[in-house]
Amino acid sequence: MKKLDFYILKKFLGTFFFAIVLILSISIVFDLAEKIDDFLENDAPLEAIVFDYYQNFIPYFANLFTPLFVFIAVIFFTSKMAYQTEIIAILSSGVSFKRLMYPYFLGAAILTVFSYVMGGYIIPPANRIRIDFENTYIKEIRETGMSNIHMQIEPGLFIYMRRYSSFRDRGDDFSMEKIEGKDLKFKITAESVQYDSTENKWIFRDYVRRDFPNNGKMVLSKGEEMDTVVNMKPADFKEERNFFETMTNPELEDYIDEQRERGVGNIEPYLIERHRRIASPFSAFILTLIGVSLASRKTRGGMGLHIGIGLALSFSYILFMTISTTFAINGNLSPMLATWLPNFVFAVIGIILYYQAPK
């Protein structure tokens, strides 16, 4: 790397981290002002506020804003270099516009790796602590659960529940069937099932069991209560918003595979999250390309025009991503296409702007 590369890389990363620190400082002040009444009302300990909430609040929002502030940082310092005629001097010295992009893409690569590792491995465990703090001291605990659950929990073992209450860890109108080939081996029905978290088992209440042995004669048994261990967990029946935010990449992959094996249909949010954790960090390259191509040229509107165009494109990207993921959740678009489509479209915009930029 040459001195010029270090100069641009230093400006890139320095501007990015300065912008992130600035916006996070403002966000913390506004968040504290909004939630201080909840902290006082619920007697939240100061240590928990600092280390459980804000210590995990900072990396979560820093990673969330990374693509946006990569773009803003590139626009800001490149536009400043252009208006101080530094870009003209660099190009006049024989450095091509393509060669000028090298340190920019190196900076984008560093931030891409940073964002991917943070989003896939570091932030999910931190989110568990932050969300637990929010549920304890900020948000009211609301009952969440699923209705009309049909699921395969093991090969050939199927369950049904009319309703599952996550607040009570209880399911109503439960049935479980074991099928081998075309033969029904047994069926259990129960008025309710209750999860015992101390012993990691399920309690079937007011149950009826029908066994169908090979001789074809049904064996019937009843009871008020039966304890059993089956391959299902209360988390399988919860519809908590952003539950996937607490999963690392390996945990998310395992969860998706497990839900597919069980025949669960609505796993689009998890597939979207899996692809988003790659597509979002990768967008740093595309937004860097657009930012340099826009800001390297002197225009009459000055730096403000560059920043205005950059913000408009940033919010267009976010809006595009929101719309496409909504279509994916509703089943009208594949999760992979939904998360990568904004990158493809803005990559085309970036290439067009790149060929129009000064060489």
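I will try to describe carefully the structure that is included in this document.

1. Section: the side chain of glutamate 86
Thinking step 1. Relative to the elements of secondary structure, glutamate 86 occurs in helix 4 (residues 86-92).
Thinking step 2. The side chain of glutamate 86 sits in the buried core without any salt bridge; lysine 11 is the nearest counter-charge, 5.2 Å away.
Thinking step 3. The contacts of glutamate 86, once residues within four sequence positions are left out, are Tyr7 and Met81.

2. Section: the side chain of asparagine 63
Thinking step 1. Tracing the backbone shows asparagine 63 in helix 2 (residues 46-64).
Thinking step 2. Ignoring anything within four residues of it in the chain, the contact list for asparagine 63 reads Ser115, Met118, Gly119 and Ile123.

3. As for the pattern of salt bridges
Thinking step 1. For the coordinates displayed, the defined rule picks out 16 salt bridges.
Thinking step 2. Here aspartate 31 ties to lysine 35 by a salt bridge, and the two come within 2.5 Å at their closest N and O atoms. On the criterion of helical spacing, the pair formed by aspartate 31 and lysine 35 is a turn pair, its members being 4 residues apart in helix 1 (residues 3-41).
Thinking step 3. Salt-bridge contacts for glutamate 253 lead to arginine 274; the nearest nitrogen and oxygen are separated by 3.3 Å. Separated by 21 residues along the polypeptide, glutamate 253 in helix 6 (residues 249-261) and arginine 274 in helix 7 (residues 268-295) bring together distant segments of the chain.
Thinking step 4. Put simply, Arg130, Glu134 and Glu245 are held in one network by salt bridges that share partners.

So, how was this worked out
Residues numbered from 1 in each chain as written. Predicted model: local features only at pLDDT ≥ 70, side-chain atom pairs only at ≥ 80, totals over all residues. Heavy atoms only, no water. Helix = DSSP H or I, 4+ residues; strand = E, 2+ residues; numbered from the N terminus. Buried < 20%, exposed > 50% of the residue type's maximum accessible area, 1.4 Å probe, protein only. Lys, Arg positive; Asp, Glu negative; His and termini not counted. Salt bridge = Lys/Arg side-chain N within 4 Å of Asp/Glu carboxyl O. Contact = heavy atoms within 4.5 Å.

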